[in-house]
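Examination of the molecular architecture
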Amino acid sequence: MNNVKSVEKIVSLLLVLCFISTNTAYSLGETLRVPVDKTAINRMQEILNPLSRDAASEKLTSNTGIMSNNVQGLLENIRGVLEFDANGNVVVVDADKLRSETIDYLAIEAALSKNNDVKTAAQFLIRSAAISLGIIPASINDFYMARKDNAWENMTVPAVNIRADGYETSRQVFRVVKEQNIGAVILELAKSEARYSGQSLGEFTTVGFAAAIKEGYAGQIFFQGDHYQVDKKKYDQDPQKEINSLKKLIRESILAGEYNIDLDPSTLVNEPALDE
């Protein structure tokens, strides 16, 4: 009975998530800003506001191959490619140079920088640039509902797990999407994969955005949290704590741009009861 109740709680979580996803992600053709909580917004303001690119303390000579020691250097490296307007929004000034050089540099900073401020700023710049270029994170719910209404047919939706070398793997995905005229594809990262591949949720979605920019993809982009499993041992010890852990992971996923979550309570199945 306890297992049944736990599954009911997980399913309830999923339904809440679906509501959030379908009400956060807009329909085709509409622009969506990546939702960021107030703490993240305040942190970005702390990082970016005091900086002047004209007075950057670290000037770098190339947009590729050199990692910055601080955010000033990062901003100097994107000069003339990405700029900020009067309202602080990221503006793509040179889309060609962004795709040919700068996005490679930003992707490295977003994934590998040892300076957390540089990494955060690079992820923010990539996500903002992607949205301005029409690369929109969305829930695939409306697309599936359209199939129910026979709006499209004779097509499947491949899901690709991004484990190693996320930027290059995602680039290949979008390259094939364009070459083969694939209608929709999901990029996935499982809970276990995030752990053993050393990818944060923010890094996973950011390199996906960067890959889409690099390959000239535009349109909706579907990120999915794959197999968010319930840890049975932890659940047996403290059910509410484990459920709260899943809630926290789901919230982090949505803030990172993952609007599709695959909850997996199969670990709670009573195998002896099934055998009986």
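Residues numbered from 1 in each chain as written. Predicted model: local features only at pLDDT ≥ 70, side-chain atom pairs only at ≥ 80, totals over all residues. Heavy atoms only, no water.

1. Examining the overall build of the protein
- Helix and strand counts for the protein stand at twelve helices and seven strands.
- Here the protein holds 276 residues, and 43% of them are scored as buried.
- A separation of at least 24 residues holds for 73% of the contacts in the protein among residues at least 6 apart in sequence.
- By element, 50% of the accessible surface of the protein is carried by carbon and sulfur atoms, the whole surface being about 14500 Å². (Helix = DSSP H or I, 4+ residues; strand = E, 2+ residues; numbered from the N terminus. Buried < 20%, exposed > 50% of the residue type's maximum accessible area, 1.4 Å probe, protein only. Contact = heavy atoms within 4.5 Å. Areas by Shrake-Rupley, 256 points an atom, 1.4 Å probe, with all protein chains shown as cover.)

2. A short note on the nonpolar core
- If you look at the biggest cluster of nonpolar residues, it comprises 56 residues, and the most contacted ones within it are Leu82, Leu98, Leu106, Leu125 and Tyr228.
- Core analysis: the second largest hydrophobic core is formed by eight residues, Ala138, Val157, Ala184 and Phe222 among them. (Core = buried A, V, L, I, M, F, W, Y, C linked by side-chain atoms within 4.5 Å.)

3. Structural notes on the packing of aromatic side chains
- Tallying each qualifying case throughout the model produces four aromatic pairs.
- Centre to centre, the rings of phenylalanine 143 and tryptophan 152 are 4.5 Å apart; their planes meet at 15°, and the pair counts as stacked. Each member of the pair, phenylalanine 143 as well as tryptophan 152, is classed as buried.
- Ring geometry for phenylalanine 204 versus phenylalanine 223: centroids 5.6 Å apart, planes at 70°, classification edge-to-face. Taken as a pair, phenylalanine 204 in helix α9 (residues 201–214) and phenylalanine 223 in strand β6 (residues 219–229) lie far apart in primary sequence, 19 residues in all. (Phe/Tyr/Trp six-rings, centres within 6.5 Å; stacked < 30°, edge-to-face > 60°.)

4. With respect to the pattern of salt bridges
- Scanning the model with the defined rule gives ten salt bridges in all.
- The shortest N-O distance in the salt bridge between arginine 79 and glutamate 76 comes to 3.0 Å.
- Under the relative-accessibility criterion, glutamate 76 is labelled buried at 13%.
- Across the salt bridge formed by lysine 232 and aspartate 236, the nearest N and O atoms sit 2.9 Å from each other. Placement of both lysine 232 and aspartate 236 in helix α10 (residues 232–237) is noted, with a separation of four residues, approximately one turn of the helix. (Salt bridge = Lys/Arg side-chain N within 4 Å of Asp/Glu carboxyl O.)

5. Re helix α4 (residues 95–112)
- Look at α4: 23 Å from first C-alpha to last across 18 residues, which is about the 26 Å you get at 1.5 Å a residue.
- At threonine 102, α4 shows its maximal kink, close to 55°.
- Taken residue by residue, α4 has Leu98, Thr102, Ile103, Tyr105, Leu106, Ala107, Glu109, Ala110 and Ala111 as its buried positions.
- Looking at the packing, one finds that the buried side of α4 touches α3 (71–77), β1 (82–84), β2 (90–92), α5 (116–132), α7 (166–179) and α9.
- Measuring from the backbone nitrogen of aspartate 96 back to the side-chain oxygen at the start of α4 gives 3.3 Å, which picks out aspartate 94 as the cap. (Expected span 1.5 Å × (residues − 1). Bend = angle between axes of the 7 residues up to and from the residue. Polar contact = N/O pair within 3.5 Å; in protein donor to acceptor, adjacent residues only side chain to side chain.)

6. Focus on the layout of surface pockets
- In this structure, the second largest pocket encloses a volume near 480 Å³.
- Taken together, 24 residues form the lining of the second largest pocket, with Lys191, Arg195, Gln229, Lys234 and Ser245 sitting closest to its centre.
- When residues of the lining of the second largest pocket are traced back to their parent elements, those giving at least two are β5 (186–190), α8 (191–197), β6, α10 and α11 (239–256).
- Per-element accounting of the lining of the second largest pocket gives the leading share, seven residues, to α11.
- The residue makeup of the lining of the second largest pocket, split by class, is eight nonpolar, seven polar and nine charged. (1 Å grid on protein atoms, 1.4 Å probe; cavity = no way out; pocket = protein on both sides within 12 Å on 5 of 7 lines; lining within 4 Å. Points joined across faces, edges and corners; volume = space filled by probe spheres on them. Nonpolar A, V, L, I, M, F, W, Y, C, P; charged D, E, K, R; others polar.)

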